[in-house]
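The primary structure of each chain is shown beneath.
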Amino acid sequence: MKRSWWCVQVLGFWALMATPVLAFDLGDCPTQPFDTRAYEQLQGRFADQLTSNRYADIFLALQHDAENSTLWSHDERAYTSLLQALATLIERFANFDQALANVDDKQAFEKFLTNYPTGLFQCGNRTYFSGLPIQVTFDELEALKGDRAEDRAKDFLFRAQTVDRLLNQMKKSSREATIQGIRNAAMRWQLFLKEGRSQYPWEAFINGLDPTIRPENIKFPPSRQWIVLHPELAVELSTHSFKDIRAKQSLLVDVVGHTFYWWSNRDDPSQGLSYAGITAVASFRDDMRPGIGVMAHYGRYVNGGVVWRDSTNSGHMFNQSPFFVIGIDLFRFAEYKYPAYKKQYEQWTDKVQDFLK
Amino acid sequence: MGKHLLFFIHGIGIHEPSWGEELNGPIETLKTVSQQYAYFQQAGQDRFANVECISVHYDEVFRDTIAKWQSDASSITAFDPTGVFKDGLGWLATASDNDFWWSHLADLAMYRCFPLYRQAVRISVIKQLADAIERAYKADESAYCSVVAHSMGTAVAHDCLHLLGTSHWADGPYANVLAPSHWRFQNIFMVANTSRLLQTQDAEMKPAYDSIVKPGPLEDPKSYCFAYWNFRHEADPVPFPRRFEPIGWTNYQNEVVRHCYEYNVHNLSHYLLHPRVHIPILNKVVAHLAVSDQEKIKAVDAFPQFGGDVEFIQKAKDMAAQLHTLTGEMADDLSSLDWIKKLLKFHQIMETAR
């Protein structure tokens, strides 16, 4: 019995030794929101400064708070590192253009953020001020000794985290603009790939080789593209008379051409992407010899052109009336609307004839 | 504290939007292997409660493109009045994900050789990262993010992180506050790293060793994470040529594993089975020392190279020997074409072993 009780004591001792008294983890928030050091409390305390963007004043006040803390003996490394980091921050904020901020806060912030880093208080892998001479690890905080060691460790974490959250609050509008920029870029690409003129693999490859077309800027898809050997279905219409239109399916090959894109509003891609282009085409039908021509397209569905054929085997292609050629999608649309248009046309010609009589 | 966001970025092959959460997928595997450690065995405690696993998905860029090619080509071959194009476009008209070329190698070819689709993949991934980061900031005024990327996904992750941290994104005079001088990732875990192999000459990009995707001190504009982990399998030919072996990086750890618990040793979940791979992820993302040093030593020591039933182990040993021969033939400066040939050979060895 005695022996087993001894074993329990030994195991208990080792269990206690194995678990650090303090065990903080990344982003731990060891005190409560009602604590005067809490980020939430600072929103009320510094309401005026936050409204007028006087972050320099806020960080100066936080530095004074830390300096006046009675928890620390003032030569402790973690403590001096925290004060040094705050001093660095305040030094940077001395360059914040408060006069400009009073007139245009956005511009003042952007000027500051472009010239000065603000990531000093980001915690990384249980380390503050990572990689810098003032680096403080959570292991160091857990190993603090003496009176109220845990309170001091928590005090450090809490003050550092509060400063980080304040800095993040300051960057909110820039962050939102950055993320909106990314969303806009993603939408531009999505529209380009879904709504733009389709490319076969060889066309995408060739366009990738052209340094003037290659999409080097991730924010914008290409503003133009080559069309090369692009087959598509089309419908050829005889051009003798509107009343006696004959349609015949053909296979068009866009031999070479170019498409140009433009945005209704570059900064707001949701307003739409338009494109237009022109291509030299070859046309193939099962009942006639191949023809050649030219085709223009506007957007996805509107495409039309003319094709010349040597339909009489005379060797003179361009002496004969050309065929109109339209894309299959446009033809399907026209086919759907054609009866109504034909009726309108007949009514109109009847009226004209009646009038002439 | 806000949740630690853990982005999973997939490699080549078919991936659904929720690929990470699939049965035997990386998230489930990570949770399953964690159960062998005391910290995760406490009843009623969801140790992953503070981790938000996000499956980043870009396969749809490839799938939509191939589907469009297939649809365009089949409309031509079906209605071609001359019959001339039936043979010429037949290969495209019959493109299907059932074919290893279209489901796997085409992803690689499209990312490496087509700037158009490469950029489309990148912006799709960057947007998913940015959306999640923004969500974290809205919830907690802070964002703790780490990345687990696999195979071609390591190259995608590399490119996307570099662009996220170096481009000027806002459509106005706003600074990029997701740049490394303002914010950085916590840990980057690269599994079967191809970021050096697939690096490009794109104007906005930099080679893998020169980009910002490396660990470094806080606010350093030339580094974008606190720690970088590189995992490679000895018999996996994918990360072999132009191997990722940086010199002089601090907070960088390279782990080489050689286990064989399934035929596809390249699979992300297979990598995660190894304690050398999953313990750093658990300790850095779930909780500090979630797996103690003692447990780690024990787990690595007790993890046999081959696992499974006797029949599988025998086949796996033969397969591993063949894969070692295959990787032994691969030079560091292997040409892209030879590399693809080796990948096909790798696929063939795996399929034969099955």
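This text goes with the structure placed above it.
About the thresholds
- Residues numbered from 1 in each chain as written.
- Chains lettered and ligands numbered in written order.
- Predicted model: local features only at pLDDT ≥ 70, side-chain atom pairs only at ≥ 80, totals over all residues.
- Heavy atoms only, no water.
- 1 Å grid on protein atoms, 1.4 Å probe; cavity = no way out; pocket = protein on both sides within 12 Å on 5 of 7 lines; lining within 4 Å.
- Points joined across faces, edges and corners; volume = space filled by probe spheres on them.
- Nonpolar A, V, L, I, M, F, W, Y, C, P; charged D, E, K, R; others polar.
- Contact = heavy atoms within 4.5 Å.
- Buried area = accessible area lost by both parts, 1.4 Å probe.
- Salt bridge = Lys/Arg side-chain N within 4 Å of Asp/Glu carboxyl O.
- Helix = DSSP H or I, 4+ residues; strand = E, 2+ residues; numbered from the N terminus.
- Pairing = 2+ DSSP bridges.
- Axes fitted to C-alpha atoms, helices over the stretch in contact; angles between N-to-C directions.
- Phe/Tyr/Trp six-rings, centres within 6.5 Å; stacked < 30°, edge-to-face > 60°.
- Buried < 20%, exposed > 50% of the residue type's maximum accessible area, 1.4 Å probe, protein only.
- Lys NZ or Arg CZ within 6 Å of the ring centre and 35° of its normal.
- Polar contact = N/O pair within 3.5 Å; in protein donor to acceptor, adjacent residues only side chain to side chain.

Residue and element names in this part refer to chain A. Scanning the entire structure with this criterion turns up 5 cavities of 30 Å³ or more. Of the volumes computed, that of the largest cavity is approximately 90 Å³. Taken together, Thr36, Arg37, Leu42, Arg45, Leu62, Asp65, Leu86, Arg159, Thr162 and Val163 form the lining of the largest cavity. Of the residues contributing to the lining of the largest cavity, the split by class is 4 nonpolar, 2 polar and 4 charged.

Below, the discussion takes up the interface of chain B and chain A. Each partner contributes residues to the interface: chain B has 69 residues there, and chain A has 77 residues. Both faces considered, chain B and chain A share a buried interface measuring about 6300 Å² in area, 62% of it formed by carbon and sulfur atoms. Across the chain B-chain A interface, the total number found is 6 salt bridges. Elements with a minimum of two residues in the side of chain B that touches chain A: helix 3 (59–79), helix 4 (85–93), helix 6 (115–140), helix 7 (152–166), strand 4 (185–191), strand 5 (225–233) and helix 9 (275–286) of chain B. Ranked by the residues each element gives to the side of chain B that touches chain A, the list is headed by helix 6 of chain B, at 15 residues. For the side of chain B that touches chain A, the per-class residue count stands at 39 nonpolar, 13 polar and 17 charged.

Attention now moves to the sheet that holds strand 7 (residues 302–308) of chain A. Here we have 6 strands rolled up into a closed barrel, ordered 3-4-5-6-7-8 (chain A), and antiparallel in their pairing. The mean inter-strand angle of the sheet, taken between neighbouring strand axes irrespective of direction, is 30°. Where helix 3 of chain B meets the sheet, it contacts strand 3 (224–237) and strand 4 (247–263) of chain A, and its direction lies at approximately 35° from that of strand 3 of chain A.

Let us now look at the packing of aromatic side chains. Tallying each qualifying case throughout the model produces 40 aromatic pairs over all chains. Ring geometry for A:Phe93 and A:Phe96: centres 6.2 Å apart, planes at 45°, overall tilted. Taken individually, A:Phe93 and A:Phe96 each receive the classification buried, so the pair is uniform in this respect. Look at B:Trp69 and B:Tyr117: their rings are 5.9 Å apart centre to centre, the planes differ by 80°, and that puts the pair in the edge-to-face class. Placement of the pair is B:Trp69 in helix 3 and B:Tyr117 in helix 6, with a sequence separation of 48 residues. In this pair, the class of B:Trp69 matches that of B:Tyr117, namely buried. Put simply, the rings of A:Tyr55, A:Phe59, A:Phe93, A:Phe96, A:Phe109, A:Phe112 and A:Tyr116 touch in pairs and so form one group of aromatic residues. Directly above the aromatic system of B:Tyr137 lies the positively charged group of A:Arg175, at a separation of 3.8 Å from the ring centroid. Cation over ring: B:Lys31 sits above B:Phe48, and NZ or CZ is 5.6 Å from the ring centre.

Turning to the sheet that holds strand 4 of chain B, a few remarks are in order. All names here are of chain B. Ordered by their spatial adjacency, 6 strands build an open sheet running 2-1-3-4-5-6, and the pairing between neighbours is parallel. At either margin of the open sheet sits one strand with a lone partner, and together these are strand 2 (51–56) and strand 6 (252–257). Neighbour to neighbour, the strand axes of the sheet diverge by 15° on average, direction disregarded. Taken strand by strand, helix 7 contacts strand 1 (4–9), strand 3 (144–150) and strand 4, and its axis lies near 145° from that of strand 3.

Here we take up the side chain of B:Asp202. By the element assignment, B:Asp202 lies in the loop between strand 4 and strand 5. With relative accessibility at 6%, the residue B:Asp202 sits in the buried group. Within the structure, B:Asp202 has its side chain in polar contact with the side chain of A:Arg214 (distance 3.0 Å). Not counting residues within four places of it along the chain, the set of residues in contact with B:Asp202 comprises A:Arg214, A:Glu216, B:Arg118 and B:Arg122.

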